[in-house]
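Each chain, written out:
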Amino acid sequence: MVFQIQISRIETSNVVWVGNYSTPVKWNQVLHWSWESELPLECATHFVRIKSVIDDASFPEPNFWSNWSSWEEVSVQDYLGRGTLFVFPKDKLVEEGSNVTICYVSRNIQNNVSCYLEGKQIHGEQLDPHVTAFNLNSVPFIRNRGTNIYCEASQGNVSKGIEGIVLFVSKVLEEPKDFSCESQDFKTLHCTWDPGTDTALGWSKQPSQSYTLFESFSGEKKLCTHKNWCNWQITQDSQEMYNFTLIAENYLRKRSVNILFNLTHRVYLMNPFSVNFENVNATNAIMTWKVHSMRNNFTYLCQIELHGEGKMMQYDVSINVNGEYFLSELEPATEYMARVRCADASHFWKWTEWSGQNFTTLEAAPSEAPDVWRSVNSEPGNHTVTLFWKPLSKLHANGKILFYNVVVENLDKPSRSELRSIPAPANSTKLILDRCSYQICVTANNSVGASPASIIVISADPENKEVEEERIAGTEGGFSLSWKPQPGDVIGYVVDWCDHPQDVLQWKNVGPNTTSTVISTDAFRPGVRYDFRIYGLSTKRIACLLEKKTGYSQELAPSDNPHVLVDMLTSHSFTLSWKDYSTESQPGFIQGYHVYLKSKARQCHPRFQKAVLSDGSECCKYKIDNPEEKALIVDNLKPESFYEFFVTPFTSAGEGPNATFTKVTTPDEHSSMLIRILLPMVFCVLLIMIVCYLKSQWIKETCYPDIPDPYKSSILSLIKFKENPHLTIMNVSDCIPDAIEVVSKPEGTKIQLLGTRKSLTETELTKPNYLYLLPTEKNHSGPGPCICFENFTYNQAASDAGSCGHVPVPPKAPPSMLGLMTSPENVLKALEKNYMNSLGEVPAGETSLNYVSQLASPMSGDKDSLPTNPVEPPHCSEYKMQMAVPLRLALPPPTENSSLSSITLLDPGEHYR
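None of these values were measured; they are calculated from a predicted model.

K.L.:
Mind showing me how you'd approach the overall build of the chain here?
P.N.:
From N to C terminus, the chain includes 4 helices and 54 strands. Across the 913 residues of the chain, 40% fall into the buried class. A separation threshold of at least 6 residues defines the contact pool for the chain, and within that pool the share at least 24 residues apart is 68%.

Below is the structure:
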C-alpha cells in the first residue's frame, strides 16, 4: 500500500510537508512512520492526516485513493510549565554547516524579547503573538562544548528573565584517507589510515567516531581500539588475497572505505642495521650493513645515499643476506654522511627507514694555488708591496691550512731570495722591496703538503701611472665594467676595489678574451663611492694599470649643505661663496647647487625662477649646473632691503636637506659712499698720530734726555782704586773746565788763544776735533789731577773749585807733542798708566778727580778772575768728551804756528758754546 501524509502547522490550511510512504502490510498490522520537524514541536501546533491506495498487481484495476482522515492535532505547549519564557530546541546536536530553526515562547505578550547568538543579536519571524522563530543557516563550529543562544524578556528597562539553550555543533565526519595494510613478517597485517577531524564534543554529548575493520573473504570483523591504526592477525591457511572495508561512524553519520590486495605485494621490511665503514683514506671507503632475514631465496633491493660538501650521490645494490659497497672519488678531509634503506626486490612495495653513519676522509695536499693579488706603493728608493690572498675553499684545501709560504726572489740578483712563513688564518703581508724586479710565490700548506704556487711579479719601474678616472653608474645587481683590450699578449685581467666600511681590498680575475664583467656583492651599500682599478697581466705576470672607474651602487641625496659666506655686501648686491665644501665625501656625484632666495617683494630677480618649498612657502631658485662653481653674485637688489637665502647641492637622487635661511640686509646707498670717504681719513689721522708719537720720543731723547745717575757710570770700571772706593764718585764742585769743543762756528767767528786774538777763517775748521788741554806752567798749581770722560747728558756750569792750564793743540801735532791726546782710548790708557805710577808718590787722600765740563768758563790761570756776570751759554747741539787728568801730567805748549780746529781758550768774560 502507498500512504500519502500531509502535515500542517498552526492552522490546517497551512500545509508544510506532503510525502508518500510505501510498505507491505498485513491484516491488523500496526505501522510506524516518523518525521522530524525543523521547527520544534513546542513552538507551534502541528496537524497531520493520511490517505492510502492499494499498489498491488493482484488487485483489479482501477485503484482509488481513500478519503483523507481527519486532522490529528499535536500540541505540547500545555505541558511547558509555569515559566514565562521558553527557548527551543533543547540540547540539539547538528553538523557544522547545517540549517537550524530555533524559537521562543513568551507567555506574556507585554514583554519585549531579544535573542542573541554568542552575544550577537539575531532577528526572527513572529509566528503568533506568543511565538517567534529564528532560521540559522550554515551554523559554524565554535567550540566543542557547544554554541550559546539565549533570549531576554524585559518591560521598559526592567529585565523579566533570561532563558537560553546550548546548540551542539560537531565537525562533519570525514572518510578515512590513505587506508593501507602491510606486513613485515607475514604474521601480522598492520593497517593504517588518516582519520581526519575528530568529531567528539564535550560532556559526552557525542564521543569520538569509532572504526571497524571488516574482511569480506573470511567474513570476520574487528572493532579497532585506535583511531588511526589496527592490526589484523594472519592465519596459517594459504589466503593471499584480502578485501578490507574500514567503517567510520559517529552519532550523526557513517563513512567507509575499501581496499583489495595480495599479501606478498605488501611486504614492508624492517630497517637495516650495523652500518660501518672500512679502509677509509683520502678518496675511498668501504660501506657495510646487515638486513633482517625474511624467507629463503629472498632478494633485497638496497639504496645508498652519500651526502657531503652540499652534494648528494645515490647508488643501488641488490643483496641476499648482508650488504657491501665501495665508495670512490671522495673529497679529502671531508665529513660524509652515508645511509642505506632496503625493499623487496621481487614485488616492490615501499622502502624501509634510513639507517646511516658519518665518516671523515683523510687529508691530502691542497689541490689549487691560492688566489693572490697585491697593492704597490712606489716611494723614492723602494716599493711597499702589500700582498693579499684569498683562503682556499674547503674543496681545494683538502684539510686545514696551517700556514702560507711566501718566497720573494730578486730577478735582477737571482742568488738572493727570502722565505716567509705566515701562520693561518692571516691573508696578507707587507713587503719592503728596493728598486729591483721581484718574483713572489705564495703556497698554502696543510699537514700533508703544499699547494701549487701562485706567482706574481713586481716590476722595478714605479707603478704610479696617471690614468684618467671614469664615472660609472651602478645598479641593484652591482657594477657593470668594460675596458679596452690591452695591446700585446695578456694572460688575463684583474679588477680590484675596496669594500666599505672595512676598506678590505677585493679583486676579481677575468680571462684574457674578456673585456667586461659585472661586480656584484652584498657588501655594496647605497651612498658609498667605490673606486675600481683594471689591470692587465702580461705573460711575465707583471700587472699594468689600464683604467680607473668610480661610481655608486645607488646615489643618495647630499647629506649636508655647504657653509656659505657673504662677501662684498653693497646696497645693490652681495656675493655668496662656499669654497670649502667638499664633494668627494657626499653620497652621490654632486651635479650642481640650488640657491634659494626670499625677499619681502616676493619678486624673483633675473636668472631666478619661482619655486615652492616642502613647507608650502614660495621663494626664488637659481640653479648652478657646474659643481666646481662655488660662488654666486646676487645683484639687482634694493638698498636697505631684507633678504634670506640658503644653498643646497643636488645629485641625481635629489637635493640636500632643508636648511634654515640665512638673513642679510643690504646697506644704505649713501652710507657706503660715506664709508669710502671716512675710512681713508681715519687711516691718515691714525698715521699722523703714530708719526707724531714716534717724533716726540726722538725730540725728547735729543733735546732734553734724562740725567744719568753718576753712581752707575761705566767709566768708573776703568779706574780701580785700591784704598778709598768712595773717591770714584765725582762731585760737580771737584772739576773746573779745561777743555771745550766748538761744534759749529758761525761765519766771521774768530778763535782767540791765550789772550792774543788771531782770526781763523771758517774754512780752516774742517772737522771737530777733541783736544785735551793740560797746564803749561810747571809751577802751576791746581786742586788735583783731572781725567776726561764722555757724558752726553750732563750740563752744568763749571765749578771754581780748581783749574787746569789750557794749551792749544794743533790738529796735526807730532806724536811727541800730542802723545796720548790723539784719541780718547790713548788718553785713558796713558792716564791709567800715569795714575798707577803716581799712586806711590801721591799720599793717600791727596789725589782727587776734577770734573771737566763741556761748558767753557772764564780762565786766566786762577779762579779769582771769574767774571761777576758771566754770559749764559747758547744752546748746544752735542756733548762730547769730558776728562779729569792728574796735575803732574803736562804737555809742552803749542807753537805760534800751530793751528786750532774747533778748540780755543777763552779770556775772562768771553762766552762759550
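K.L.:
Explanation requested: the sheet that holds strand β26 (residues 335-344) in the structure shown.
P.N.:
Backbone hydrogen bonds are what pair the strands of a sheet, in a parallel or an antiparallel way. The 4 strands lie next to each other as β24-β23-β26-β27, forming an open sheet whose pairing is antiparallel. Strands at the two margins of the open sheet, each flanked by one partner only, are β24 (311-319) and β27 (355-360). Ignoring which end each strand starts from, the neighbouring axes of this sheet average 20° apart. Pairing of β26 with β27, which is carried by 6 bridges, proceeds in the antiparallel orientation. If you follow Met337 over to β27, its bridge partner there is Asn358.

K.L.:
I'm lost on the nonpolar core in this one. Help?
P.N.:
When a protein is soluble and globular, its nonpolar side chains tend to lie buried together. Counting 44 residues, the largest nonpolar core has Phe179, Leu189, Leu213, Phe244, Met287, Trp289 and Phe359 as the members making the most contacts within it. Ignoring any residue separated from it by four or fewer positions in sequence, one finds Phe359 in contact with Phe277, Val280, Ala285, Leu306, Leu327, Leu330, Thr334, Glu335, Tyr336 and Ala338.

K.L.:
Hey, could you run me through the state of the cysteines in this one?
P.N.:
Defined simply, a disulfide is a covalent bond joining two cysteines at their sulfur atoms. Applying the stated criterion across every chain, the model contains 5 disulfides. Residue pairing for Cys115: its cysteine sulfur links by disulfide to Cys151, the two sulfurs lying 2.0 Å apart. Across the disulfide from Cys115 to Cys151, rotation about the S-S bond amounts to roughly 105°, and the bridge is consequently right-handed. Taken together, the positions of Cys115 in strand β8 (residues 112-117) and Cys151 in strand β12 (residues 147-155) put the pair 36 residues apart, joining distant regions of the chain. We note that Cys115, like Cys151, is buried. Across the disulfide from Cys181 sits Cys191; the S-S distance is 1.9 Å. Between Cys181 and Cys191, the S-S torsion sits near 110°, and that sign places the bridge as right-handed. Here Cys181, found in strand β14 (residues 177-182), pairs with Cys191, found in strand β15 (residues 188-194); they are 10 residues apart in sequence, far enough to count as distant. According to the relative accessible area criterion, Cys191 is buried, its value standing at 0%. Each disulfide of the chain joins two cysteines, and with those cysteines numbered along the sequence the arrangement is 1-2, 3-4, 5-6, 7-8, 9-10.

K.L.:
For this particular structure, what's the right way to read unusual backbone geometry?
P.N.:
Across the chain, the bulk of peptide bonds are trans and the bulk of non-glycine residues have phi less than zero. The linkage connecting Phe88 with the following residue, Pro89, adopts the cis geometry, with an omega of 0°. When you line up the elements, Pro89 lands in the loop between β5 (85-88) and β6 (93-95). Residue Pro425 follows Ala424 across a cis peptide bond; omega there is 10°. Here Pro425 lies in the loop between β31 (417-423) and β32 (428-434).

K.L.:
Help me out: how do you make sense of the sheet that holds β12 in this one?
P.N.:
Taken in spatial order, the 5 strands of this open sheet run β6-β13-β12-β8-β9, and their pairing is mixed. A single partner strand is all that each edge strand has here, and the edge strands are β6 and β9 (120-122). Direction aside, the axes of adjacent strands within the sheet are offset by 35° on average. Judged from the 3 bridges that link them, β6 and strand β13 (residues 158-170) form a sheet pairing that is parallel. Residue pairing in the sheet places Glu95 in a bridge with Ser170 of β13.

K.L.:
Is there a simple way to explain the side chain of Glu644 in this structure?
P.N.:
Residue position: Glu644 is located in strand β48 (residues 642-651). One buried charged residue, Glu644, remains without a salt bridge, the closest side chain of opposite sign being Lys663 at 5.0 Å. If we ignore the near neighbours within four places in the chain, the residues touching Glu644 are Tyr596, Leu597, Lys598, Phe661, Thr662 and Lys663.

K.L.:
Which parts of the structure should I look at to understand the pattern of salt bridges?
P.N.:
It is possible for side chains of opposite charge to pair when their charged atoms get near one another. Under the definition given, this model contains 19 salt bridges. A salt bridge links Lys549 to Glu547; its shortest N-O distance comes to 3.0 Å. Ionic contacts of the salt-bridge type, sharing partners, join the residues Glu470, Glu547 and Lys549 into one network.

K.L.:
Would you explain the packing of aromatic side chains in this entry?
P.N.:
One pair of aromatic rings is described through two measures. These are the centre distance and the angle between the planes. Within the structure shown, the criterion is met by 33 aromatic pairs. Taking the centre distance of 6.2 Å and the plane angle of 45° together, the rings of Trp17 and Trp35 count as tilted. In this pair, Trp17 is assigned in strand β2 (residues 15-22) and Trp35 in the loop between β2 and β3 (46-53), connecting sequence segments 18 residues apart. In this structure Trp17 comes out as partly exposed when scored by relative accessible area, which is 27%. Three or more aromatic residues joined by ring pairs form one cluster here, namely Phe479, Trp497, Phe524, Tyr530 and Phe532. Cation over ring: Lys390 sits above Trp507, and NZ or CZ is 4.9 Å from the ring centre.

K.L.:
I tried to follow the environment of Leu136 on my own but got confused; where do I start?
P.N.:
On the secondary structure map, Leu136 appears in strand β11 (residues 131-136). Between the C-alpha atoms of Leu136 and Leu117, which are 19 residues apart in sequence, the distance is 9.6 Å.

K.L.:
In this structure, what is going on with the pairing of strand β21 (residues 273-278)? I would like to understand it.
P.N.:
In regular strands, side chains alternate between the two faces of the sheet. Across 4 bridges, the pairing between β21 and strand β22 (residues 285-290) is antiparallel. Paired with Phe277 across the two strands is Met287, which belongs to β22. Hairpin geometry of β21 and β22 is characterised by an intervening segment of 6 residues between the two adjacent antiparallel strands and by a positive phi of about 50° at Asn279.

K.L.:
Mind showing me how you'd approach a nonpolar patch on the surface here?
P.N.:
Judged by side-chain polarity, Ile677, Leu678, Met681, Val682, Val685, Leu686 and Met689 come together as a nonpolar surface patch covering roughly 650 Å² of accessible area. Mapped onto the fold, Met681 is located in helix α2 (residues 669-703).

K.L.:
Please clarify how the pairing of strand β20 (residues 254-262) should be interpreted in this entry.
P.N.:
Across 9 bridges, strand β19 (residues 241-249) lies against β20 in antiparallel orientation. Each residue of the ladder has a partner; that of Phe244, found in β20, is Ile259. Linkage of β19 to β20, two consecutive antiparallel strands, is achieved through a turn of 4 residues.

What counts as what
- Residues numbered from 1 in each chain as written.
- Predicted model: local features only at pLDDT ≥ 70, side-chain atom pairs only at ≥ 80, totals over all residues.
- Heavy atoms only, no water.
- Helix = DSSP H or I, 4+ residues; strand = E, 2+ residues; numbered from the N terminus.
- Buried < 20%, exposed > 50% of the residue type's maximum accessible area, 1.4 Å probe, protein only.
- Contact = heavy atoms within 4.5 Å.
- Pairing = 2+ DSSP bridges.
- Axes fitted to C-alpha atoms, helices over the stretch in contact; angles between N-to-C directions.
- Core = buried A, V, L, I, M, F, W, Y, C linked by side-chain atoms within 4.5 Å.
- Disulfide = S-S within 2.5 Å.
- Lys, Arg positive; Asp, Glu negative; His and termini not counted.
- Salt bridge = Lys/Arg side-chain N within 4 Å of Asp/Glu carboxyl O.
- Phe/Tyr/Trp six-rings, centres within 6.5 Å; stacked < 30°, edge-to-face > 60°.
- Lys NZ or Arg CZ within 6 Å of the ring centre and 35° of its normal.
- Patch = residues over 30% accessible without salt bridge, like charges linked within 9 Å, V, L, I, M, F, W, Y side chains within 5 Å.
- Areas by Shrake-Rupley, 256 points an atom, 1.4 Å probe, with all protein chains shown as cover.

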